[in-house]
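# Observations on chain architecture
Listed below are the residues making up each chain.
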Amino acid sequence: ALVATPGGAMMPMAPPVAPVPPSMAVLPSPDEMRGVVEVQEPNDRAYFRAKLLDIDPSGKKCQVRYLGEAEAVWVVLHRLRPLPPPMTPLEMERYAPRDGDHVEVSFCEEGADSQESWWEGTIQREKGGFYFITFPDHGETGQTNEVVEKERLRPAYGLHPIQFDKRNFPIPPSLAADLKATEGSLPKLAKLANLIALNISSDGRNLVAIGATQALEMADALVDMHFHKVPQLAKVAKQAQALQGKMHGVQQTLSSGVIEQFRVDGSQIGMLVGVKGSNIKKVQGMPGIKKVDVRQDGMVNVYADTREAALAAREKLEIVQDRIAVQTNEIGLIIGKGGQQIRELEQISSCRITVENATKEIVVIGLRTSVEKARALLTYTIETFKEQRDQEQQIHSLSQELYQLGVPLGAQSYEQGYGYGPGMGFQGNVNRGRGRGAPGG
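A quick note: this is a predicted structure, and the numbers were derived from the prediction, not measured.

## A few points about the overall build of the chain
- The helix and strand inventory of the chain stands at eleven helices and 21 strands.
- Put simply, the chain has 441 residues, and 37% of those count as buried.
- The contacts in the chain between residues at least 6 apart in sequence include a share of 58% that link residues at least 24 apart.

In C-alpha cells form, the structure reads like this:
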C-alpha cells in the first residue's frame, strides 16, 4: 500500500529502513521541540512531525512545515495533536505490549534527512521478541502486516485536539534584520512565556505567538523586552556566526588532511613568523602545506595533505637552541667592539645570540636553519681568527729568523698584535716602516 507524504510523493506503507529505536535515540532538547506537533495522515492513521507556524483568521487551519522539508503547507486544525510524552528508559524497559494492544510503530524513509513517523496498528502476536503488527489500510487488501522489534513500539496516543489562541506582534522595520539574525532565541522566549510556538511570519512583518490566553499575556511583556535587546543579541550572534564559519573552514581543512601542532615561547613568535611573515609564507609555499596558523599564545597549527609534509613544515618553523663552547680569548672576538660583531651575526643569521661567560658558551636561539647558519658564521669567525693568529705567529717567527741572519726586511717588517675591526671583528697590526731595531733605524 502507498500513502502520500507531506511533500506529495508516494511512499510504501512500511519503509525498508527503521529509525534508531526510541529507547536508544538521543532525544532533542525541549527547546528544540518547542512548537513541534504531529500531523495525522488520516487514510493510514500515520503521524508526521511538523513545526507549527501560523493560524489562519478563521482558526480552522494551521500553517506547518514538516521536519526535513523546506516549504510550509496549510492543514486543517483537527489533524494536529501535541507530541506524545516520551517514554523514559525505565518505562521502555517495563513496557510489555500484549496481543490485541493498539500501538504506534516508528518508521523513517531512506536518506540522511529522513524524519521519523509513527503509524497506528494492532498487535496480532509476539514471538521471540518480535511483534506481528496489522496496520489499517484503505487499499485493496484492507490491511498491511509487518514484523517489528519492541524498541520501535509505543502505546497508541490517539488524536488529541489542540486548544490555543494566536496574537501578532508587529515587528518594527528597523529590527527586522536583527530579529531574523536572532531567530534561534525565539524558542527560549516561547518557553519563558509557556507558548506553544513563537515564529516570524512568512512576510516578516509580525512575530506570531501561539498558545493559551494567559501565555499570550505573558508573551506581551517578554516580546517588548526582547525587541529592546535584539540589536545587541544580533551583534553577538553575528560574531558567533563568523567564528562558526571559521571553524567550519578549519574542519573542512582537517577532514581532508592532517594537522601538526606545537608551541613556542610567546617571546619567540616574531622570530618564528619572520619579517612581514616571510617565514610563514615560505612554509606555506612548500608542497602539501595548506595553511599555517600562529596564535598569540605561541600555539602553531600546520595544516597539510600528509603527515610527512606537516613534519617537514614543523622542522622549518620550530625554534631550537644551540650551545657552542668557546675559549676565553674568543669571547671578546664574538662580541666585538661595543657589541658590533655579535649584532652583525644576529642580523645575518636572524637568530638571538648571547654569551654565557660562566660556562664559556655561545647560546644561539632561532629557527633550525637559522641556527645552523649562525653556527657556521660563528665557526667561520673563530676559525678565521685562529688561522690569522697562527699566520701572525709564523710571520713573527720568520721575521725574527731573517733579522738574525741580517736580511733587511724593509716594508715587510711585521710586529704581532691583535685588535678588533669591522666585519669579522679582528685585524692585525701591521708596521708600515722599517723593522724595529733594523740597521739604519
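Past the structure itself, the notes keep going.
## Digging into the side chain of Asp178
- Here Asp178 lies in helix H3 (residues 176–181).
- Relative accessible area serves as the criterion here: at 16%, Asp178 is assigned to the buried category.

## Points about the pattern of salt bridges
- Considering all chains together, one arrives at 24 salt bridges under this definition.
- One salt bridge connects Arg154 with Glu38, and the closest N-O pair in it is separated by 3.4 Å. Taken as a pair, Arg154 in strand E12 (residues 153–155) and Glu38 in strand E3 (residues 36–41) lie far apart in primary sequence, 116 residues in all.
- Given the relative accessible area of 10%, Arg154 is considered buried.
- A relative accessible area of 0% places Glu38 in the buried class.
- When the shortest N-O distance is used, the salt bridge between Glu41 and Arg79 registers 3.2 Å. Here Arg79 lies in the loop between strand E6 (73–76) and strand E7 (80–82) and Glu41 lies in strand E3, a separation of 38 residues in the sequence. Note on accessibility: Glu41 and Arg79 belong to one class, buried.

## Examining the packing of helix H10 (residues 340–349) against helix H11 (residues 368–404)
- Remark: H10 packs on H11, axes separated minimally by 9 Å, with the N-to-C direction vectors making an angle of 145°. Note on packing geometry: the crossing formed by H10 with H11 is right-handed. Where H10 approaches H11, its residues Gln341, Leu345, Ile348 and Ser349 are matched on the opposing element by Ser370, Lys373, Ala374, Leu377, Leu378 and Thr381.
- Across the contact of H10 with H11, the residue classes break down as five nonpolar, four polar and one charged.

## Remarks on the packing of aromatic side chains
- As enumerated under the stated definition, the model contains three aromatic pairs in all.
- Ring centres of Phe107 and Trp119 lie 6.3 Å apart, and the angle between their planes is 85°; this geometry places the pair in the edge-to-face category. Residue Phe107 is found in strand E8 (residues 102–108), and its partner Trp119 is found in strand E9 (residues 116–127); the two are separated by twelve residues along the sequence.
- The class of Trp119 is buried, set by a relative accessible area of 0%.
- When the ring centre of Tyr47 is taken as reference, the NZ or CZ atom of Arg81 above it lies at 3.5 Å.
- Seen from the ring of Phe107, Arg152 lies directly overhead, with NZ or CZ sitting 4.7 Å from the centre.

## Quick word on unusual backbone geometry
- Unlike most non-glycine residues, Ser350 shows phi in positive territory, near 60°.
- Position of Ser350 among the secondary structure elements: in the loop between H10 and strand E20 (352–356).
- When its relative accessible area of 47% is taken as the criterion, Ser350 is described as partly exposed.
- Positive phi, close to 55°, is recorded for Lys360, a residue that is not glycine.
- Structurally, Lys360 can be placed in the loop between E20 and strand E21 (361–367).
- On the basis of relative accessible area, Lys360 is assigned to the partly exposed category, the value being 39%.

## Section: a nonpolar patch on the surface
- The grouping of Leu402, Leu405 and Val407 at the surface amounts to a nonpolar patch, some 270 Å² of accessible area in total.
- Assignment of secondary structure puts Leu405 in the segment after H11.
- Looking at Leu405, the relative accessible area reads 68%, which means it is exposed.

## Observations regarding the confidence of the model for the chain
- Confidence in the prediction of the chain, expressed as mean pLDDT, is 80, and 82% of residues score 70 or more.
- Within the chain, the element-level pLDDT minimum falls on strand E1 (residues 2–4), averaging 37, and the maximum on E12, averaging 93.
- Across residues 1–27, where pLDDT falls below 50, the model places 53 contacts with residues more than four positions away in sequence or in other chains.
- Here residues 414–441 is modelled with pLDDT under 50, and outside its nearest four sequence neighbours on either side it reaches 63 contacts, counting other chains as well.

## A short note on H10
- Of all the residues in H10, the buried ones are Gln341, Ile342, Leu345 and Ser349. An end-on view of H10 places all buried positions within 95° of arc, on one side of the element.
- Packing partners of the buried residues in H10 comprise helix H9 (328–335), E20 and H11.
- Of the residues trailing H10, Ser350 is marked for its positive phi of about 60°.

## Some words on the pairing of E3
- Most of E3 is tucked away, with six of its six residues classed as buried.
- The two faces of E3 match: Val36, Glu38 and Gln40 on one face and Val37, Val39 and Glu41 on the other face are all buried.
- Two elements, E3 and strand E4 (residues 46–55), share six bridges in a ladder whose sense is antiparallel. Residue pairing across strands places Glu41 opposite Ala46, the latter belonging to E4.
- In this structure, the hairpin formed by E3 and E4 is closed by a connection of four residues, where Arg45 is found at a positive phi of approximately 50°.
- As defined by bridge partners, E3 adjoins E7 across three bridges and the pair is classed as antiparallel. When the bridges of E7 are listed, Val37 appears paired with Pro82.

## Let's talk about H9
- Within H9, the full set of buried residues consists of Glu330, Ile331, Leu333 and Ile334. Down the axis, H9 shows its buried residues gathered within 165° of arc, on one side only.
- Considering only its buried residues, H9 is in contact with H10, E20, E21 and H11.
- Following H9 by one or two positions, Gly336 has its phi on the positive side, about 80°.

Conventions adopted
Think of each chain on its own: its residues are numbered from 1, step by step along the sequence as written. Local features are withheld for residues below a pLDDT of 70 in this predicted model, meaning they are given only at 70 or higher, and side-chain atom pairs are given and counted only at 80 or more; totals for whole chains, interfaces and linings count all residues. Side-chain metrics rest on all non-hydrogen atoms present in the structure, leaving aside hydrogens and water. Counting from the N terminus, the helices are DSSP H or I runs at least four residues long and the strands are E runs at least two residues long. We call a residue buried when its accessible area falls under 20% of the maximum for its residue type, exposed when it is over 50%, and partly exposed in between, using a 1.4 Å probe and counting protein chains only. Contacts are residue-level and defined by heavy atoms, with any inter-residue pair within 4.5 Å sufficient. Salt bridge criterion: a side-chain nitrogen from Lys or Arg within 4 Å of a carboxyl oxygen from Asp or Glu. Throughout, an axis means a line fitted to C-alpha atoms (over the contacting stretch in the case of helices), and angles, computed between N-to-C directions, take values from 0 to 180 degrees. For any helix crossing, the convention is left-handed if the near helix is rotated counterclockwise from the far helix by under a right angle, and right-handed if that rotation is clockwise. Asp, Glu, Lys and Arg are counted as charged, while Ala, Val, Leu, Ile, Met, Phe, Trp, Tyr, Cys and Pro are counted as nonpolar; the rest, among them Gly, fall into the polar class. Centre distance within 6.5 Å is the pairing criterion for rings of Phe, Tyr and Trp, where only the six-membered ring of Trp is used; planes under 30 degrees apart are then read as stacked, over 60 as edge-to-face, and the remainder as tilted. The rule is short: NZ of Lys or CZ of Arg within 6 Å of the ring centre and within 35 degrees of the ring normal puts a charge over the ring. Candidate patch residues must exceed 30% relative accessible area and have no salt bridge, after which like charges are joined if within 9 Å and Val, Leu, Ile, Met, Phe, Trp or Tyr side chains if within 5 Å. Working definition of accessibility: Shrake-Rupley area with a 1.4 Å probe, residue cover restricted to the visible protein chains. The predictor's confidence in any single residue is recorded as pLDDT, a number from 0 to 100. Throughout, the arc means the angular range of directions from the helix axis out to the C-beta atoms. By the convention used here, strands pair only if DSSP detects at least 2 bridges between them.

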